[in-house]
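A look at the structure
Take a look at the letters that make up each chain.
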Amino acid sequence: MKRGNIMKLNRNANPEVLSVIVPAYNEEKGIEETLSELKTVLSDTNQVYEIIVVDDGSTDNTANIAREKDFVKLIQHPQNKGYGAAIKTGIKNATNDLILIIDDDGSYPAKDTPRLLEYAEQYDMVVGARTGKEVKIQLYRRPAKWFLSKLANYLAETKIPDLNSGMRIFRRKDIEKFFNILPDKFSFTTTMTLAYHTTGLLVKYVPINYYRRKGKSKIKPFKDGFNFIMLIFRTITYFNPLKVFLPAGFAFFVAAIFVFLYSTFLLGRFMDVTTIVLVVAAIQTVLFGLLADLVVRRSE
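Residues numbered from 1 in each chain as written. Predicted model: local features only at pLDDT ≥ 70, side-chain atom pairs only at ≥ 80, totals over all residues. Heavy atoms only, no water.

As for helix H9 (residues 242-265)
What sets the pattern is the α-helix's 3.6 residues per turn: residues three or four places apart point alike. Taking 1.5 Å of rise per residue, the 24 residues of H9 would be expected to cover 34 Å, and the 34 Å separating its terminal C-alpha atoms lies within 8% of that figure. Every buried residue belonging to H9 is among Lys243, Val244, Gly249, Ala256, Val259 and Ser263, and all of these are buried. (Helix = DSSP H or I, 4+ residues; strand = E, 2+ residues; numbered from the N terminus. Expected span 1.5 Å × (residues − 1). Buried < 20%, exposed > 50% of the residue type's maximum accessible area, 1.4 Å probe, protein only.)

See below:
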């Protein structure tokens, strides 16, 4: 492990130190530019900071590039553990409470860090929302991204401009409360966003541009898309189970009515067994939801 120096610029003007965490896995094409831009941007402000690169078992030159930077604290995983695991390692090794995470593939504008910092004292999390004038998201990812966003908005009962942005500022004391449910893979930021919204923490979205990444994406659209859907349901069920169980119970009840009408008027069978099964399923689902909600409320 290589420990870099905390850059001391003007501690009296801004006494709170920022820990910048850069998760890295086989990103030799983009990491040097990202680190250099971060240093330049932060050095032009009054912000006191440290930059932590967590190399997640890279097999290319990523770790060596980071190691050559004397302003970087390098932490290495002996094998690939996942995007979320790398961020968790960075958080655990951060010197400070105020934390910025940013990807190292050149897609996020490090120059916009000061814009996010402007809101850090007022909000529990500040997210760089990829809704700026220049947003380079592959066409094949946009339908899934739209669907996931709409689903999350409904379940979280709020408008979320960017569900899984990889550039955001938050505090360690807040994120550590959710460590037990935060996954080790790409869905880390999605879970984090939902957890903040469903527990009443204040979130600010700041529009930023999003550029074409350098190097190859690690996301598998179909497999990861399904996992994201399951993750959204799991996270919302964890914090607000009625939002999932009540609609499911209602769906069973509507299906029971449909089957009852069909079997009674078209088949001549009153109270078909399927109707009974669906009604029982509806009642049980709602009761499970009420029980789960009671458990959540008692544990708060």
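There is more to say, and it comes next.
Points about the packing of aromatic side chains
All chains considered together, the criterion is met by three aromatic pairs. The interplanar angle of 70 degrees and the centroid separation of 5.1 Å between the aromatic rings of Tyr108 and Tyr210 together place this pair among those described as edge-to-face. In this pair, Tyr108 sits in the loop between strand S4 (98-101) and helix H4 (113-117) while Tyr210 sits in the loop between strand S7 (203-207) and helix H8 (221-239), placing the two residues 102 residues apart along the sequence. An identical accessibility class is assigned to Tyr108 and Tyr210; each is buried. Between the aromatic rings of Phe178 and Tyr196, the centroid separation amounts to 5.7 Å while the plane-to-plane angle is 50 degrees, which identifies the pairing as tilted. Here the residue Phe178 occupies a position in the loop between helix H6 (172-175) and helix H7 (188-198), and Tyr196 occupies one in helix H7, the gap between them amounting to 18 residues. Looking at Phe178, the relative accessible area reads 7%, which means it is buried. What makes Tyr196 buried here is its relative accessible area of 0%. (Phe/Tyr/Trp six-rings, centres within 6.5 Å; stacked < 30°, edge-to-face > 60°.)

A word on the nonpolar core
The biggest cluster of nonpolar side chains holds 39 residues, and the ones touching the most others in it are Phe170, Tyr196 and Ile232. At the level of elements, strand S2 (48-56), helix H3 (83-93), S4, strand S5 (125-129), helix H5 (142-156), H7, S7 and H8 are the ones that each hand at least two residues to this core. Judged by nonpolar contacts, the second largest core, of 30 residues, contains Leu42, Tyr49, Ile51 and Ile169. (Core = buried A, V, L, I, M, F, W, Y, C linked by side-chain atoms within 4.5 Å.)

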